[in-house]
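Chains, contacts and geometry: an overview
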Amino acid sequence: LNHSFSLLNGPLFIPANTIKTFNAAYTIPNQKITLLGVAPHMHLIGKSIEVYAEKPSKEVQNLIRITDWNFHWQGSYYFPKPVILTQGTKLVSKAIYDNTNNNPNNPNSPPKLVSLGEKTTDEMMLVYFTYLVYQNGDENIVIDSSALLDTKNISVSNLNELKLTRKGINQFTVEIEDKWLDGILNVYNVDGKSMLRRKINNNITELTLSNNITGIVFFQLEKNNQTIIKKVFVD
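Not measured: the values here are computed from a predicted model.

1. So, the environment of D98
Relative to the helices and strands, D98 resides in strand β7 (residues 90–99). For D98, a relative accessible area of 9% gives the class buried. For the pair D98 and I45, spaced 53 residues apart in the sequence, the C-alpha separation amounts to 5.4 Å. A polar contact of 2.6 Å, which involves the side chain of D98, links it to the side chain of T100.

2. Some words on the pattern of salt bridges
All told, the structure shown has four salt bridges when counted by the stated rule. A salt bridge links E50 to R65, with the nearest nitrogen and oxygen atoms 3.7 Å apart. Placement of the pair is E50 in strand β4 (residues 46–54) and R65 in strand β5 (residues 60–66), with a sequence separation of 15 residues. Residue E50 is classed as partly exposed on the basis of its relative accessible area of 22%. As a salt-bridge pair, E222 and R197 come within 3.4 Å of each other at their nearest N and O atoms. In this pair, E222 is assigned in strand β16 (residues 215–223) and R197 in strand β14 (residues 194–199), connecting sequence segments 25 residues apart.

3. Section: the side chain of N106
Along the polypeptide, N106 turns up in the loop between β7 and β8 (114–115). In this structure N106 comes out as buried when scored by relative accessible area, which is 12%. At 3.0 Å, the side chain of N106 and the backbone nitrogen of N108 are in polar contact. Setting aside residues up to four positions removed in sequence, N106 forms contacts with I45, D98, N99, T100 and P111.

4. Quick look at unusual backbone geometry
Residue P11 is reached from G10 by a cis peptide bond, and omega for that bond is 5 degrees. In this chain, S109 is followed by P110 through a cis amide linkage whose omega measures 5 degrees. Inspection of the secondary structure puts P110 in the loop between β7 and β8. Even without glycine at this site, N17 takes up a positive phi of about 60 degrees. Along the polypeptide, N17 turns up in the loop between β1 (13–14) and β2 (18–27). Taking the relative accessible area as the measure of exposure, N17 reaches 53% and is therefore exposed. One non-glycine residue, D182, adopts positive backbone phi at about 70 degrees. Mapped onto the secondary structure, D182 falls in the loop between β12 (171–176) and β13 (184–189).

Rules used throughout
Residues numbered from 1 in each chain as written. Predicted model: local features only at pLDDT ≥ 70, side-chain atom pairs only at ≥ 80, totals over all residues. Heavy atoms only, no water. Helix = DSSP H or I, 4+ residues; strand = E, 2+ residues; numbered from the N terminus. Buried < 20%, exposed > 50% of the residue type's maximum accessible area, 1.4 Å probe, protein only. Polar contact = N/O pair within 3.5 Å; in protein donor to acceptor, adjacent residues only side chain to side chain. Salt bridge = Lys/Arg side-chain N within 4 Å of Asp/Glu carboxyl O. Contact = heavy atoms within 4.5 Å.

Have a look at this one:
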């Protein structure tokens, strides 16, 4: 989203002693994308910014909302899991600028007209997106492996609930308690890529993972909105 070609109510200028809102939009033209992160950009007059995706179904998916903008804290923000957006999805941004004496970051006292420019005392309205062309399975990627634990219903397993025994190269025996029968076993690598998803029908299950998998591997059991997870190192 760019202040030069995607503003809906430009041009970008904020008269002295005014609070002004600008809107920008861009429609994804001809491909499905895998969105990894978002980075809003404004200067000192900026007060708040939000970005969301409006899907062809009219469903709205919030991407980022910063209610108290700070020019010195800006950066790129990445999602725990990729956001999949289809052709025809509209990316929308709304930004508010405060060019009054009530804005402690206002570089001008008294306030004066602020318009588009490269200097910090000028203003900008940009939103950068980090994305890839979608490939099958992208929705199963976990960018932030801590997201596997980021819920009150998830706990690190104890020895009785989920036992793992190494049987050979990338071969494991998984033993579970009865309460997890008919649940789902997921296996992820350290990058969050799903390597296996299987319904658990027996207390003891033999697994063979891909021969090229090394490093940290997460074994995850889920059932009835409850989840446990165990981390192992595969060499």
